[in-house]
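# Structural characterization, general
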Amino acid sequence: LHMGKTMKEDLTVVAKSIKQLYPPEFNVFSIYAELYHNYFASQAKKNAESHLEDKDIYLLLSWVHNFYPKEMRKDHALAMELDKVKLGSLLPSSLSKELEKKYLDSEEVTVKTSLSRCLDKEIQRWKEDKEPEKLNGHFQSELLGILVIQSIYSGQKRAEDISKAMGEELSRRLLKGLPAFLRSYRDAFEDFKEKSKKHTYYKPILIANINNCWNFREYTEKYMAEKDDSKADILSTLTDIENSGFDVLLQQLFAQLKPMYKKFTENKWDSSNEIMNEIIKTTSKHISDFQTLKDPFYHAIVEKIHARLVKEYIVRLLKRKVSLKTPAQQQTLAQHISKNAADLEAFCTSNGSQATWLNSALPKLAEIIRLQDLGAIKIEVATLATSYPDIRKRHLEAFLHIKANLSRSELKSILGYLADSTASTQPRAPLFSNINVS
């Protein structure tokens, strides 16, 4: 600092007051600048070759890449004169690169150690069964949700303050090491999930950990190139954590719903409106607990619920428990299904589900039950298969058991039409492929 300040002040005096006292061919400013630079560079080299602490390496590199070339030599009083003098860097390239490597290696270890410490502290908090912090109404972990990203970002920013190239290199290293950290996080989360089910704040802690994934996702999307191999690894691990948390949060709800859905076939859909109301009421109580999830995860879990509610309804329709011989009976059942479908759609949509692709499944099935003309049934089957290309013959055959007035040849004709219309299309999201037909 003293040398830098002296050099800057003295050269300013040379530029403003001394230079003009000599003939131009003497190049007085250049001579002074080179002498000052050579002395400064010799001292920098001497320091670089001695044993330096990490903070000293950082400061020396800051002078080499930042303070000296940008602040001193670009000073408005000196820039024009110094541009004419080829002074070079404060350190030889080989020595500068050696220091850069030392700094990057050290910073990488520092950040990784910080990340590991954050995870250890977080695991300890889980064991203490404390309610997680809330931010804007959402549970989160300050250690994993904020401090880990801050550690990575701060390390990257410190390196970037030396030079853009160093910032990019450290960022690459840290992001390359992030998958291993997240796998450790996932393993610790799985361990907690299995061993701590009786904790008072079990669910809030699960929710906080799901929410943590959002910060990692945002950081990864912002700083990693699509082609980077680590990116897919990171996002896959985050998805594992999220889905693992969702599965536990939904276990109790789905277990409660199963016997309710059985009532549809037990009562042959006679009291389907009451059953659907019971399903919606039960689901609504659980959804209110999920408001502490961050918005993207709240929407994701509501869509999982939406898909499960539709799927379980279809499962009951495929159970071969109901067989109706007259068009009037089929018309009544179709009306029940249409009403249930409308109530289900209204409930899920009002609670934030954006899974609109699910909304036509039950109405289309209801229409197939209602229709009596063979050609019209085939057309409706074709539109159903277009919307849900994972439907297979075994699903349709089990469903058509409801229409007991179809002859064997009519049934074969309809099933053959389905096979043609679902040749090779892949579903954007599975519905029927998740349904086993007994």
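Predicted, not measured: the structure shown is a model, and the values here were computed from it.

Counting across every chain of the model gives 29 salt bridges. Here arginine 173 ties to glutamate 169 by a salt bridge, and the two come within 3.1 Å at their closest N and O atoms. Linking arginine 173 with glutamate 169, this pair stays in helix H7 (residues 164-195), spanning four residues, or about one helical turn. Judged by its relative accessible area of 25%, glutamate 169 falls in the partly exposed class. One continuous salt-bridge network, built from bridges that share partners, spans Lys101, Asp105, Glu108, Lys112, Glu169, Arg172 and Arg173.

Before going further, it helps to examine unusual backbone geometry. Of note in the backbone geometry, asparagine 136 takes a positive phi value of approximately 55° without being a glycine. Residue asparagine 136 is classed as exposed on the basis of its relative accessible area, which comes to 69%. Of note, lysine 268 is a non-glycine position whose phi angle comes to about 50°, a positive value.

Glancing now at the packing of helix H3 (residues 54-72) against helix H5 (residues 93-128). Following both chains from N to C, one finds H3 and H5 inclined at 135°, their axes separated by 10 Å at the closest point. Relative to H5, the element H3 lies oblique. In the crossing of H3 with H5, the sense of the turn from one axis to the other is left-handed. From H3, Asp54, Ile57, Tyr58, Leu60, Leu61, Val64 and His65 reach across to H5, where they touch Ser96, Leu99, Glu100, Lys102, Tyr103 and Ser106. Class assignment for the residues of the contact of H3 with H5 results in seven nonpolar, three polar and three charged.

The rules we used
- Residues numbered from 1 in each chain as written.
- Predicted model: local features only at pLDDT ≥ 70, side-chain atom pairs only at ≥ 80, totals over all residues.
- Heavy atoms only, no water.
- Salt bridge = Lys/Arg side-chain N within 4 Å of Asp/Glu carboxyl O.
- Helix = DSSP H or I, 4+ residues; strand = E, 2+ residues; numbered from the N terminus.
- Buried < 20%, exposed > 50% of the residue type's maximum accessible area, 1.4 Å probe, protein only.
- Axes fitted to C-alpha atoms, helices over the stretch in contact; angles between N-to-C directions.
- Parallel < 35°, antiparallel > 145°, perpendicular 65-115°, else oblique.
- Left-handed = near helix turned anticlockwise from the far one by under 90°.
- Contact = heavy atoms within 4.5 Å.
- Nonpolar A, V, L, I, M, F, W, Y, C, P; charged D, E, K, R; others polar.

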